[in-house]
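Read off the chains here:
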Amino acid sequence: MLQGAAHRLTLFDPLDAGAIDEAVQTAVVAPMPGKVIQVMTKPGDEVAKGKPLVIMEAMKMEHTIAAPAAGRIGKVRAVAGEQVAEGTV
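Definitions and limits used
- Residues numbered from 1 in each chain as written.
- Predicted model: local features only at pLDDT ≥ 70, side-chain atom pairs only at ≥ 80, totals over all residues.
- Heavy atoms only, no water.
- Core = buried A, V, L, I, M, F, W, Y, C linked by side-chain atoms within 4.5 Å.
- Buried < 20%, exposed > 50% of the residue type's maximum accessible area, 1.4 Å probe, protein only.
- Contact = heavy atoms within 4.5 Å.
- Salt bridge = Lys/Arg side-chain N within 4 Å of Asp/Glu carboxyl O.
- Helix = DSSP H or I, 4+ residues; strand = E, 2+ residues; numbered from the N terminus.
- Polar contact = N/O pair within 3.5 Å; in protein donor to acceptor, adjacent residues only side chain to side chain.
- Pairing = 2+ DSSP bridges.

**Q** How should I be thinking about the nonpolar core in this particular structure?
**A** General note: in soluble globular proteins, nonpolar side chains tend to be found buried as a group. Counting residues in hydrophobic clusters, the biggest one holds 10 residues: Ala30, Val36, Val47, Leu53, Val54, Met56, Ile65, Ala67, Ile73 and Val84. Every residue in contact with Val54, bar those within four places of it in the chain, is listed here: Val36, Gln38, Met40, His63, Thr64 and Ile65.

**Q** How should the pattern of salt bridges be read in this particular structure?
**A** Oppositely charged side chains may form a pair once their charged atoms are brought near each other. Scanning the entire structure with this criterion turns up 2 salt bridges. One salt bridge in this structure joins Arg72 and Glu46, with 2.6 Å as the shortest N-O distance. Of the two residues, Arg72 sits in strand β5 (residues 71–72) while Glu46 sits in strand β2 (residues 46–47), which places them 26 residues apart along the sequence. Comparing Arg72 with Glu46, the two get one shared label, exposed.

**Q** Is there a simple way to think about the side chain of Asp45 in this case?
**A** Take Asp45: it is sitting in the loop between β1 (34–39) and β2. At a separation of 2.9 Å, a polar atom in the side chain of Asp45 contacts the main-chain amide nitrogen of Lys42. When near neighbours in sequence (up to four residues on either side) are disregarded, Asp45 contacts Gly71, Arg72 and Ile73.

**Q** How should the sheet that holds β1 be read in this particular structure?
**A** Strand pairing within a sheet occurs via backbone hydrogen bonds; the two strands may be parallel or antiparallel. Taken in spatial order, the 4 strands make up an open sheet running β4-β3-β1-β6, and their pairing is antiparallel. Edge positions in the open sheet fall to β4 (61–66) and β6 (83–84), since each of these has one partner strand only.

**Q** What exactly am I supposed to notice about the pairing of strand β3 (residues 52–58) here?
**A** Put simply, side chains in a regular strand alternate between the two faces of the sheet. By the criterion of burial, β3 is predominantly enclosed, with 5 of the 7 residues buried. As defined by bridge partners, β1 adjoins β3 across 4 bridges and the pair is classed as antiparallel. Bridged to Gln38 within β3 is Ile55. Where β3 meets β4, 6 bridges bridge the pair, whose relative direction is antiparallel. Note that in β4 the partner of Glu57 across the bridge is Glu62.

Laid out in structure tokens, this is it:
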């Protein structure tokens, strides 16, 4: 109880695939600072879960950022060649 209101907290296990499905975000974010190498979608595209969306270069390696769930792309904020910080949408 906090300031007279009850709150329910749920522990999230990042290794539990079932929990990941329940916690799907609507925005995809950069997992680390890096450079966007290629953007593979555009607004309005239908994507399947796991479809590659963006390729980034970070820590001298290429990282593929995939769709966390099936859906339609609303906005694409990344541009090839752009440097992004960790957590950038």
